[in-house]
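Breakdown of the fold
Next come the chains, spelled out residue by residue.
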Amino acid sequence: QHKQAGLPLLLSTEREASRPKHVKSAAERRSAVSILVGTLQDIFLIVIRSTAVPPGTSWGLLLAVLAAVLDQVCASTSILIYTQHLLEHVGIGSPAMRDQLSIAVAGAKVTGVVVGIMIVDKMGRRPLLGGGGILSAAFMFLVAVGAAYT
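Residues numbered from 1 in each chain as written. Predicted model: local features only at pLDDT ≥ 70, side-chain atom pairs only at ≥ 80, totals over all residues. Heavy atoms only, no water.

With that out of the way, let us pick up the overall build of the chain. When its secondary structure is counted, the chain shows eight helices and zero strands. The order of α-helices and β-strands along the chain, N terminus first, is α-α-α-α-α-α-α-α. The buried share among the 150 residues of the chain stands at 10%. Just so you have it, the chain exposes about 11,700 Å², and 70% of that area is on carbon and sulfur atoms. (Helix = DSSP H or I, 4+ residues; strand = E, 2+ residues; numbered from the N terminus. Buried < 20%, exposed > 50% of the residue type's maximum accessible area, 1.4 Å probe, protein only. Areas by Shrake-Rupley, 256 points an atom, 1.4 Å probe, with all protein chains shown as cover.)

Right, dumping it as structure tokens:
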């Protein structure tokens, strides 16, 4: 089934044979460095369009890179880091209230992740990526408009 879907990690029969067929014990696990090297080799083969790579994997790599870039562009981590400063800037003087609101912002982020995980199987990844991108852009626009009028 993975071969039909074009899973890029199954690049050749030799590589497929070396992939684990079962969960390995702690003594049998590969090191993080060897996993990283294997991943970088897979990416390199996709980038140079090697014949060992199934068709369509370069499109999958592009989508993965685009999702990572869009995640950074939306600045969700920055919002968590600077929540205290932002709340102070908008006039919330009490440190206790800023702490409570910061926890609420982090809780909202966790809630969003949990809801996203729960619906990914129901809707599929592609509609969620498109819909999430559109909603993220819309709400970032609302944040920008709100910032312009404060």
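That covers the picture; the talk isn't over yet.
Turning to the packing of helix α7 (residues 95-123) against helix α8 (residues 125-148), a few remarks are in order. Running from amino to carboxyl end, α7 crosses α8 at an angle of 125°, the nearest separation of the two axes being 7 Å. As judged from the angle between their axes, α7 and α8 are oblique. Counted together, G116, I119, V120 and M123 of α7 and R125, P127 and L128 of α8 form the full contact between these two elements. The class makeup of the residues in the contact of α7 with α8 is five nonpolar, one polar and one charged. (Axes fitted to C-alpha atoms, helices over the stretch in contact; angles between N-to-C directions. Parallel < 35°, antiparallel > 145°, perpendicular 65-115°, else oblique. Contact = heavy atoms within 4.5 Å. Nonpolar A, V, L, I, M, F, W, Y, C, P; charged D, E, K, R; others polar.)

This part covers the layout of surface pockets. The gaps left among the atoms become clear once a water-sized probe is rolled over them. Within this model, the largest pocket holds a volume of roughly 1,900 Å³. If you trace the largest pocket, you find 45 residues lining it, with D71, C74, G132, G133 and S136 closest to the centre. Elements with a contribution of two residues or more to the lining of the largest pocket: α4 (57-73), α5 (76-81), α6 (83-89), α7 and α8. For the lining of the largest pocket, the element with the highest residue contribution is α8, accounting for 16 residues. (1 Å grid on protein atoms, 1.4 Å probe; cavity = no way out; pocket = protein on both sides within 12 Å on 5 of 7 lines; lining within 4 Å. Points joined across faces, edges and corners; volume = space filled by probe spheres on them.)

On the surface, L36, L40, I43, F44, V47 and I48 cluster together into a nonpolar patch covering about 570 Å² of accessible area. Structurally, I43 is set in helix α3 (residues 32-47). (Patch = residues over 30% accessible without salt bridge, like charges linked within 9 Å, V, L, I, M, F, W, Y side chains within 5 Å. Salt bridge = Lys/Arg side-chain N within 4 Å of Asp/Glu carboxyl O.)

We now examine the confidence of the model for the chain. Averaged over the chain, the pLDDT score is 78; the fraction of residues at 70 or greater is 80%. Looking over the chain, one finds the lowest element-wise mean pLDDT in helix α1 (residues 2-5), namely 52, and the highest in α8, namely 87. (pLDDT = per-residue confidence, 0-100.)

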